[in-house]
Amino acid sequence: NKFSITGQWQFNPGDDLSWANPEFVDSGWQSQPVPGRWRREGYPETNQFAWYRLTLKLQNFDRESWANGQQLGVRIGKVMNAYELYAGGNLLGGVGQLPPLAEIDYDRLKVYLLPLSAVADDGTLVLAMRVWGGEKYALNNWGAGPYDGDFAIGSYSTMLLSGLGSQVPGLIFCMLFIGFGIYNIYIFYRNRQMDSYLWFGLSAVHIGLYGLMLNQWKYAFDLSFLALKKFEFGLIYLFPALVIQAVWTLLDERIPKPLRAYQLTFVASSFLVLAIPGHAIHVQSLGLIQLWMLPTLIYAPWLIVRKLREGNAEARTLFIGALIFVATCINDLMIDFAQADTSRLMPYGFMVVMVAMSISLANKFTRSLSRLEEEVTERTADLTAANERLAEAA
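In this text the structure is predicted, and so the values were computed from the model without any measurement.

A. The arrangement of the overall build of the protein in detail. Along the backbone of the protein there are eleven helices and twelve strands. Taking all 394 residues of the protein together, 46% fall into the buried category. Split by element, the accessible area of the protein, about 20200 Å² in all, is 60% carbon and sulfur.

See below:
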């Protein structure tokens, strides 16, 4: 069984290790929702440290059964930007590193094993979370504190397995996208005139890799959080350049020089975010890149509408995909600039664009094949008629 521990926790800015003690009285603290972000400026007077505490009474607590293997665990969602978790005064672990080491890691979901000693004889359990909000640049843009994910207590083994299992469908989906993209690149390799397949294949591989960076299985790679984030942001910044190339090629439209220069700015941004050390470049550049993407969100749908009015069949499906993608981009812009309390939808927008492009590409291939069959039929008929005339002449 599992029960949620989301809701109101006791909260206090500051940093004092005695606050992990279950005997500490926190009735004078304020309450704070979990998950829930801090105020934008954070708490600079405490070096961006704050504590959360939650007191629980475990029903039907049986110390003997627990000692015989019925272990409980605590699931903690995503926390900006690093934290330590205590239970009954015992340090269970954490994600990232608190100052002075100051290493952030805000994407990891984790399940901790509750030791038997953490629970009092009457079943009382006190959880305490020591959170570091991060540097000023991160707080001003993204806020801090526990902001997403499932916070719960339940069977340790069940929550551990279910946490990994819930990420498997997303992992499979990413692998399918990557495999499908490689297959389309192979089609282009066999026929270099089919350049639409090259750009569609590269875009599909790109989306598969980006989806993998949003999946908890990415931690299976022996890479630092910084390296994973640089790769993720590099993929985000490169995506508009790939979309422009793929859409314009699919619609048989030549890319004008100003658009080509605009396209190259995204390629340059992708390389810069990889080359510049540290996390600050990610936070400081994301909003600018999102704003810089706005011309793409306007110009690409305009081109699709123009092609649709000209009777281009591929534009029909692309038009629907473009509308959905623009809506997801607006949603994510509201999160970053207005801290809207909603989920990010741009990954789904990426997938919709790819599905729309794949349908349009399949339709284009089918029509090309039909035209080829018609031409072969006409030439066969002409050849047959010519042979008949030669036979009559002979």
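Still to come is the rest of the account.
B. Structural context of the sheet that holds strand 9 (residues 110–113). Reading across from one edge, 1-12-5-9 is the order of the four strands in this open sheet, with antiparallel pairing throughout. Each end of this open sheet is capped by a strand with a single partner; those strands are strand 1 (2–4) and strand 9. When strand polarity is set aside, the average angle formed by the axes of neighbouring strands in this sheet is 20 degrees. Contacts from helix 3 (residues 156–165) reach strand 1, strand 5 (72–76), strand 9 and strand 12 (152–155) within the one sheet, and its direction differs from that of strand 12 by about 110 degrees.

C. Seen up close, unusual backbone geometry. In this model, Val34 is joined to Pro35 through a cis peptide bond whose omega is 0 degrees. The topology assignment puts Pro35 in the loop between strand 3 (30–34) and strand 4 (49–57). Residue Pro100 follows Pro99 across a cis peptide bond; omega there is 15 degrees. Mapped onto the fold, Pro100 is located in the loop between strand 8 (90–95) and strand 9. You will see that Asn47, though not glycine, has its phi angle at about 60 degrees, which is positive. On the secondary structure map, Asn47 appears in the loop between strand 3 and strand 4.

D. How the structure looks around the packing of helix 6 (residues 225–250) against helix 8 (residues 280–292). At a minimum axis separation of 11 Å, helix 6 and helix 8 run at an interaxial angle of 15 degrees. As summarised for this structure, helix 6 and helix 8 are arranged roughly parallel, according to the angle between their axes. Classified by chirality, the crossing of helix 8 by helix 6 is left-handed. Between helix 6 and helix 8, the contacting residues are Leu226, Lys229, Lys230, Phe233 and Tyr237 on the first element and Ile281, His282, Ser285, Leu286 and Ile289 on the second. Grouping the constituent residues of the contact of helix 6 with helix 8 by class yields six nonpolar, two polar and two charged.

E. Expanded view of the nonpolar core. One finds Ile5, Trp38, Ile76, Tyr83, Leu125 and Leu127 to be the most contacted residues of the largest nonpolar core, which totals 82 residues. If one sorts the elements of this core by residue count, helix 6 sits on top with 13 residues. Membership of the second largest hydrophobic core comes to six residues, among which are Trp19, Ala20, Tyr86 and Ala128.

F. A look at a negative patch on the surface. Together, Glu373, Glu374, Glu375, Glu378 and Asp382 line one region of the surface with negative charge. Considering the arrangement of structural elements, one finds Glu374 in helix 11 (residues 346–393). By relative accessible area, Glu374 is classed as partly exposed at 49%.

G. Here's a closer look at the packing of aromatic side chains. Tallying each qualifying case throughout the model produces 20 aromatic pairs. Centroid distance Trp38 to Tyr43: 5.2 Å. Interplanar angle 70 degrees. Geometry classified as edge-to-face. The exposure class of Trp38 is buried, given its relative accessible area of 2%. The interplanar angle of 75 degrees and the centroid separation of 5.9 Å between the aromatic rings of Tyr106 and Trp142 together place this pair among those described as edge-to-face. Of this pair, Tyr106 sits in the loop between strand 8 and strand 9 while Trp142 sits in helix 2 (residues 136–142), and the two are 36 residues apart along the sequence. An identical accessibility class is assigned to Tyr106 and Trp142; each is buried.

H. Structural detail: the sheet that holds strand 10 (residues 124–132). What the six strands build is an open sheet, ordered 3-2-4-10-7-8; its pairing is antiparallel. Here the strands that pair on one side only, and so sit at the sheet edges, are strand 3 and strand 8. Taking the axes of each pair of neighbouring strands and ignoring which way they run, one obtains an average angle of 30 degrees across the sheet. Here strand 4 pairs with strand 10 via nine bridges, running antiparallel. Across the sheet, Trp51 pairs through a bridge with Arg130, a residue of strand 10.

I. Up close: the pattern of salt bridges. Across all of its chains, the model carries 14 salt bridges by this definition. The partner of Glu84 in a salt bridge is Arg130, with the nearest N and O atoms 3.2 Å apart. Placement of Glu84 in strand 7 (residues 82–87) and of Arg130 in strand 10 is noted, with a sequence separation of 46 residues between them. For the salt bridge of Lys229 with Glu232, the shortest nitrogen-to-oxygen distance reads 2.8 Å. Of this pair, Lys229 and Glu232 are both found in helix 6, three residues apart, which corresponds to roughly one turn of the helix. Note on accessibility: Lys229 and Glu232 belong to one class, buried.

J. Local environment of the environment of Phe231. With respect to the helices, strands and loops of the structure, Phe231 is situated in helix 6. For Phe231, a relative accessible area of 34% corresponds to the partly exposed category. A sequence separation of 18 residues divides Phe231 from Met213, and the C-alpha atoms of the two residues are 8.0 Å apart. Phe231 has contacts with Leu209, Met213 and Leu274, leaving out every residue within four places of it along the chain.

What counts, and where the lines are drawn
Residues numbered from 1 in each chain as written. Predicted model: local features only at pLDDT ≥ 70, side-chain atom pairs only at ≥ 80, totals over all residues. Heavy atoms only, no water. Helix = DSSP H or I, 4+ residues; strand = E, 2+ residues; numbered from the N terminus. Buried < 20%, exposed > 50% of the residue type's maximum accessible area, 1.4 Å probe, protein only. Areas by Shrake-Rupley, 256 points an atom, 1.4 Å probe, with all protein chains shown as cover. Pairing = 2+ DSSP bridges. Axes fitted to C-alpha atoms, helices over the stretch in contact; angles between N-to-C directions. Contact = heavy atoms within 4.5 Å. Parallel < 35°, antiparallel > 145°, perpendicular 65-115°, else oblique. Left-handed = near helix turned anticlockwise from the far one by under 90°. Nonpolar A, V, L, I, M, F, W, Y, C, P; charged D, E, K, R; others polar. Core = buried A, V, L, I, M, F, W, Y, C linked by side-chain atoms within 4.5 Å. Patch = residues over 30% accessible without salt bridge, like charges linked within 9 Å, V, L, I, M, F, W, Y side chains within 5 Å. Salt bridge = Lys/Arg side-chain N within 4 Å of Asp/Glu carboxyl O. Lys, Arg positive; Asp, Glu negative; His and termini not counted. Charge placed at Lys NZ, Arg CZ, Asp CG, Glu CD. Phe/Tyr/Trp six-rings, centres within 6.5 Å; stacked < 30°, edge-to-face > 60°.

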